[in-house]
Each structure stands twice: as structure tokens, then as C-alpha cells.
Amino acid sequence: MRTERITEKQGFICFLLVAILAPSMSLAQPIFGEPCFTFPISQPWLCETADFNNDGFDDFIVTGYSPNSLHTFLSLGNGTFSHVQYSLDCTPETFSIGKFNSDSYPDIVIGEGNSGDNIRVYLGDGSGGFQGSQVINMDHYSVNTGDLDGDGYSELILPHHSLIEGDAIEYLDVWLSDGDGHFTLDSTYTAGNFLFSHLVFAPGDLNSDGNVDVAYIPRSGYRFGILLGNGDGTLQPEYFTGVTNGVCQDYPTIAAGDFNNDGNLDMAASCGFGWTEHYVYLNDGTGYFLVSDSLDDEMVWLIARDFDLDGNLDLGGSGASVEICLGLGDGTFTEPTVSLYPSFGQLGSADFDNDGDMDLVRINLDSGTLAQDCVYVYLNSTIQQGIEGEAGAERIFALGITMPLYD
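Residues numbered from 1 in each chain as written. Predicted model: local features only at pLDDT ≥ 70, side-chain atom pairs only at ≥ 80, totals over all residues. Heavy atoms only, no water.

*Asks:* Is there a simple way to explain the overall build of the protein chain in this structure?
*Replies:* The number of helices and strands found in the protein chain is 1 helix and 30 strands. Among the 407 residues that make up the protein chain, the fraction classed as buried is 56%. A sequence separation of at least 24 residues applies to 46% of the contacts in the protein chain between residues at least 6 apart. Carbon together with sulfur atoms contributes 51% to the accessible area of the protein chain, which is approximately 16,800 Å² in total. (Helix = DSSP H or I, 4+ residues; strand = E, 2+ residues; numbered from the N terminus. Buried < 20%, exposed > 50% of the residue type's maximum accessible area, 1.4 Å probe, protein only. Contact = heavy atoms within 4.5 Å. Areas by Shrake-Rupley, 256 points an atom, 1.4 Å probe, with all protein chains shown as cover.)

Right, dumping it as C-alpha cells:
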């Protein structure tokens with residue numbers, strides 16, 4: 001019998017092959033250089049991303065004040081955009097994207113929040129424009145959407161309060177969609193300690209029963225208020241989970257995703273302006289959450305994306321600046337690795353140049369370090385070599401080189 005020995009050189013080559021072919025190996029951090037797109041807007045505030053004209057390219061919307069306006073930026077697929085501005089006859093304090101009718105275009109709902117009682121539903125027309133569908137007059141903290149009855153259309157989830165003998169009693173209303181752009185009040189739930197934020201929201205299925213649930217951050221913060229969905233548009237009584245100390249400020253937000261790759265939907269929570277400690281919570285699969293990490297920066301608006309393409313979700317946040325904390329796949333995160341100054345307003349993220357990595361929209365409001373009242377788009381130029389995602393599929397990234405990421 002012949003016995004073959006692996007030489008030292010062959011062993012080193014095998015090591016290199018394993019390193020190159022191993023899935024989910026991140027060899028570099030996401031890099032954001034100078035903005036590729038800049039656009040001035042008077043007092044920009046909120047930002048959401050979607051493909052509004054159904055051309056396969058990710059677009060984004062920004063709200064503005066003075067005048068009250070809605071700005072649609074339609075992607076040209078290369079990191080540049082065309083722009084359409086719409087005047088609004090309400091103050092856009094809060095808005096959300098959903099599916100309100102049977103066409104394939106995203107729709108939106110805009111609310112005045114503490115500035116008034118108008119809630120306006122708009123249907124996307126496929127050109128990046130919107131047509132008014134319904135006006136709801138009620139006091140509300142925010143407007144939020146989620147498919148609570150599983151029919152493919154988004155419901156409206158509206159937190160509000162009423163004064164009863166001088167005391168504010170807080171509620172959450174569910175308005176069911178008729179699939180034609182209109183909504184009817186279906187149910188009302190008592191809930192505690194709402195704080196004005198448009199991200200009281202329906203993150204998805206928190207207890208693994210196949211139904212969409214609702215979560216929010218109460219004023220007595222560092223925890224979640226959760227109302228589990230029954231799958232028919234109704235919700236179960238509220239319960240609280242997470243750390244119970246601390247108090248939230250304005251605009252606490254939630255980012256949802258599977259941060260430890262166990263198949264359960266986890267959540268990260270900011271506690272709003274003026275607070276420097278925010279928490280990442282892991283879901284035990286039943287809708288109860290335990291803290292796995294803390295983020296010691298003022299990350300007011302949170303988003304969860306895989307910025308470095310290593311297969312683990314990362315966290316981006318904007319506040320005094322834009323910060324990105326890289327996920328390690330176990331529910332913990334690195335210290336911030338990217339800082340873009342300044343930033344004040346909601347952060348947006350999508351693949352605007354179609355190269356497979358996640359880019360950023362940063363809002364600059366009344367800062368003066370850069371152009372005041374402006375929107376900036378930053379392309380993600382991740383430099384790395386190795387395997388990301390599917391085993392055996394090589395990914396190579398370099399500045400000035402764009403290679404396809406997906407078959």
C-alpha cells in the first residue's frame with residue numbers, strides 16, 4: 001500500500017483554499033466615501049426606501065417641512081436619482097409604507113402626529129407619484145402598518161390617547177384594509193406609556209405562530225410592549241418584556257432581525273434623543289426578550305442590514321452622526337466602525353447602485369458642517385475577498401470594480 005503524505009507546502013495551500021472557500025467570512029469592513037448624490041431639502045426629517053415605480057431599482061422618499069412636502073427620489077440604478085416634489089396640506093410628522101390595494105406599487109400613509117389630527121392615505125401610481133385615497137381625522141401619536149390578518153394588505157396601527165377625567169388613557173387602534181385603499185376601525189386596545197415615534201410597529205412574527213405581532217417602546221423604557229397577533233386582525237392583551245429600568249426620550253426606534261442566526265426575530269431598541277445607551281434583545285422564540293448587548297452611542301434611528309456581507313446582520317444608526325456596528329452573529333456587535341458627520345433625521349438604506357451591498361441615505365438637518373438641510377446618498381464600497389452567502393460562490397470587491405453578487 002502506498003501512503004501519501006501532505007507536505008508543509010500542500011498543507012499551507014489547503015489552508016488557503018479553506019480560507020477562500022469558507023462561507024460567511026468577512027475580510028473587510030464596509031467603506032463609505034464621499035456622497036455620490038446630494039440634494040437640498042428644507043428641513044428634511046423622515047426617510048423610507050422601496051421600489052416606488054416598479055422598475056427593479058430601489059428608490060427613497062424624504063419628508064420635508066417649510067413647506068410641508070414629500071420628495072420622491074427615483075433611482076437610475078447607478079447611485080443617482082431623479083427627483084419629484086409634492087406639496088402636502090398636512091404636517092408630515094410620521095409616515096409608513098404599506099400595501100393598500102391590489103396593484104404592485106408601494107403605498108404610503110402620512111400622519112400629523114402631535115401637530116394635528118389628520119391621517120392621509122395615498123396610493124402609489126407607478127410613476128413615483130401618489131393619489132389620495134382616504135383621510136382619517138383622529139388624534140394620534142404615529143401611523144404604522146402591518147398585515148395583521150394575513151390577506152396580503154397592510155392594516156393601519158394607530159396609537160393615540162384620550163382624556164378621561166383629566167387622565168390620559170392610551171390606546172392602540174387597528175384599522176382593517178379593504179384591499180382598495182380604504183380602512184375601517186376594527187378594534188381598540190388599551191396600552192401603556194406610548195411615546196411619540198413613527199416606529200411603533202409590526203416587526204413580524206415574534207412567537208413563531210405564523211402571525212404578525214405588534215411591538216413598541218414605552219416611555220418607561222429599555223423594554224418592549226408587545227401585543228401578539230391572532231392572525232385575523234385582532235391582538236392579544238399587551239405584555240412587557242426586557243429590561244425595565246430607564247426612561248425614553250422622543251423618537252425611540254426599533255430595528256428587527258435575526259441577530260444570532262437562530263431563526264427567531266430579535267430586536268434592537270434605541271431610547272431616543274439624549275441617551276447614549278441602547279440595547280440589543282434576543283428572542284427566545286416565544287416573544288420574550290433578553291438583553292445580549294448594549295450600544296454606547298446616540299443611535300436614535302436604527303436600521304438592521306448586512307453592510308459587510310458576512311451573513312450577519314449589522315446595525316446602523318443616526319443621531320449626532322451615522323454609526324455602524326458590525327454583527328458577530330451571536331447577538332453581539334463591534335464598536336462603531338463608520339462615522340459620517342453630522343446626521344439628524346431618519347437613516348435609510350438600500351442597494352441603490354445594484355452591486356449587491358447596502359448603501360445609505362443620510363439626512364442632515366440644521367447642522368452647518370456640511371450644506372444645511374440636505375440629503376446625502378453614500379455608496380457602500382466594501383473591499384473584501386472571499387466567500388459570502390452561498391458556499392462555493394466567490395465574491396470579490398474592490399474600489400472601482402463592480403462584480404455581480406447574485407446569479
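Let's pick the thread back up.
*Asks:* Could you clarify how one ought to interpret the confidence of the model for the protein chain in this entry?
*Replies:* The predicted coordinates should not be examined in detail at positions where pLDDT is low. Mean pLDDT over the protein chain works out to 80, with 77% of the residues at or above the 70 mark. This stretch, residues 1-27, has a pLDDT under 50; its non-local contacts, to residues over four places away or in other chains, come to 26 contacts. In this model residues 384-407 is a low-confidence stretch, pLDDT under 50, and it forms 54 contacts with partners more than four residues away in sequence or in other chains. (pLDDT = per-residue confidence, 0-100.)

*Asks:* For this particular structure, what's the right way to read the sheet that holds strand 12 (residues 167-177)?
*Replies:* The pairing of strands in a sheet comes from backbone hydrogen bonds and takes either a parallel or an antiparallel form. The strand order across the open sheet formed by 4 strands is 10-11-12-13, and the pairing between neighbours is antiparallel. Strands with a single pairing partner mark the edges of an open sheet, and in this sheet they are strand 10 (144-146) and strand 13 (183-190). When strand polarity is set aside, the average angle formed by the axes of neighbouring strands in this sheet is 35°. Sheet topology places strand 10 next to strand 11 (residues 155-164); 3 bridges connect them, and they run antiparallel. For Gly 146, the partnering residue across the bridge sits in strand 11 and is Glu 155. (Pairing = 2+ DSSP bridges. Axes fitted to C-alpha atoms, helices over the stretch in contact; angles between N-to-C directions.)

*Asks:* Sorry, what's going on with unusual backbone geometry here?
*Replies:* What is expected of a backbone is that most residues other than glycine have negative phi and most peptide bonds are trans. Residue Pro 67 follows Ser 66 across a cis peptide bond; omega there is 5°. Tracing the chain through its elements places Pro 67 in the loop between strand 3 (59-64) and strand 4 (69-75). With a phi angle near 65°, Ser 208 is a residue other than glycine that sits in the positive phi range. The phi dihedral of Asn 354 is positive, around 55°, even though this residue is not glycine. When you line up the elements, Asn 354 lands in the loop between strand 26 (348-350) and strand 27 (359-364). You can call Asn 354 partly exposed: its relative accessible area is 37%.

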